[in-house]
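Residues per chain are reported as follows:
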Amino acid sequence: MSTSDKTAWTALGHDLERAHDAGVTAASAGLRDAALGALRLTGPGVGTLADAAVTSATPFVRAPLLARMSAARLLHQPDDGGVLCPACRVQFPCATVQVLR
Ligand SMILES: [Zn+2]
C-alpha cells in the first residue's frame with residue numbers, strides 16, 4: 001500500500017468515525033424525543049443503546065453505497081496494465097478514482 005493510499009485510508013477512517021459519532025448523537029436524540037411519549041427513553045443507557053443501534057445498522061446502510069463505489073472504480077480501472085482510464089481517457093488514476101480512494 002502506497003503512502004498516498006495509507007493517507008487516504010486514514011482520512012476515510014477518520015471520516016467514518018465522525019459519521020458514526022454523528023449517527024449516535026442523532027439516534028440518542030431520537031430515542032429521547034418527547035414525541036415518542038411513553039416509549040421515550042431516558043437515562044445513562046440511551047447513548048449505549050444508540051451506539052448499538054448505529055453499529056448494527058451501519059453495514060446495511062453502507063452496503064448499497066459501497067457496491068456502487070466499487071462498480072464505479074472498476075469502470076475507471078485500466079485493463080492489462082494500461083495507463084489510461086478507459087472511461088475518462090486520461091492518465092490513470094483519473095479524478096474519479098482519486099475521489100473514490
Ligand atoms: Zn476515469
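Everything below is about the structure printed above this text.
Residues numbered from 1 in each chain as written. Predicted model: local features only at pLDDT ≥ 70, side-chain atom pairs only at ≥ 80, totals over all residues.

(A) Representation of the overall build of the protein chain within the structure. Looking only at helices and strands, the protein chain has 3 helices and 0 strands in total. Reading the helices (α) and strands (β) of the protein chain from amino to carboxyl end gives α-α-α. In terms of overall dimensions, the protein chain is more spread out than a globule: its C-alpha atoms have a radius of gyration of 20 Å, far above the 13 Å expected for 101 residues. Looking at the protein chain as a whole, 2% of its 101 residues are labelled buried. Across the protein chain, contacts joining residues at least 24 apart in sequence account for 29% of those joining residues at least 6 apart. (Helix = DSSP H or I, 4+ residues; strand = E, 2+ residues; numbered from the N terminus. Rg over C-alpha atoms; globule rule 2.2 N^0.38 Å. Buried ≥ 20, exposed ≤ 12 C-beta atoms within 10 Å, placed from the backbone. Contact = placed C-beta atoms within 7 Å.)

(B) Broad picture of unusual backbone geometry. With omega at 0°, the peptide bond leading from Phe-92 into Pro-93 counts as cis. The backbone of Asp-80 sits at a positive phi, close to 50°, despite the residue not being glycine. Its location among the elements puts Asp-80 in the loop between helix H2 (46-75) and helix H3 (95-100). Its identity is not glycine, yet Arg-89 carries a phi of approximately 60°, on the positive side. With respect to the secondary-structure elements, Arg-89 resides in the loop between H2 and H3. On the neighbour-count criterion, Arg-89 (8 C-beta atoms within 10 Å) is exposed.

(C) Fine view of H2. Helix length check: H2 (30 residues) gives 43 Å between terminal C-alpha atoms against 44 Å at 1.5 Å per residue, within 8%. Of all the bends in H2, the largest measures some 35° and sits at Ala-63, one to four residues before the proline Pro-64. Within H2, only 2 of the 30 residues are buried, leaving the element largely exposed. (Expected span 1.5 Å × (residues − 1). Bend = angle between axes of the 7 residues up to and from the residue.)

(D) Inspection of the environment of Leu-65 at higher detail. Its location among the elements puts Leu-65 in helix H2. Under the C-beta neighbour-count criterion, Leu-65 is labelled exposed, with 9 such atoms within 10 Å. Placed 17 residues apart in sequence, Leu-65 and Gly-82 show a C-alpha to C-alpha distance of 27 Å.

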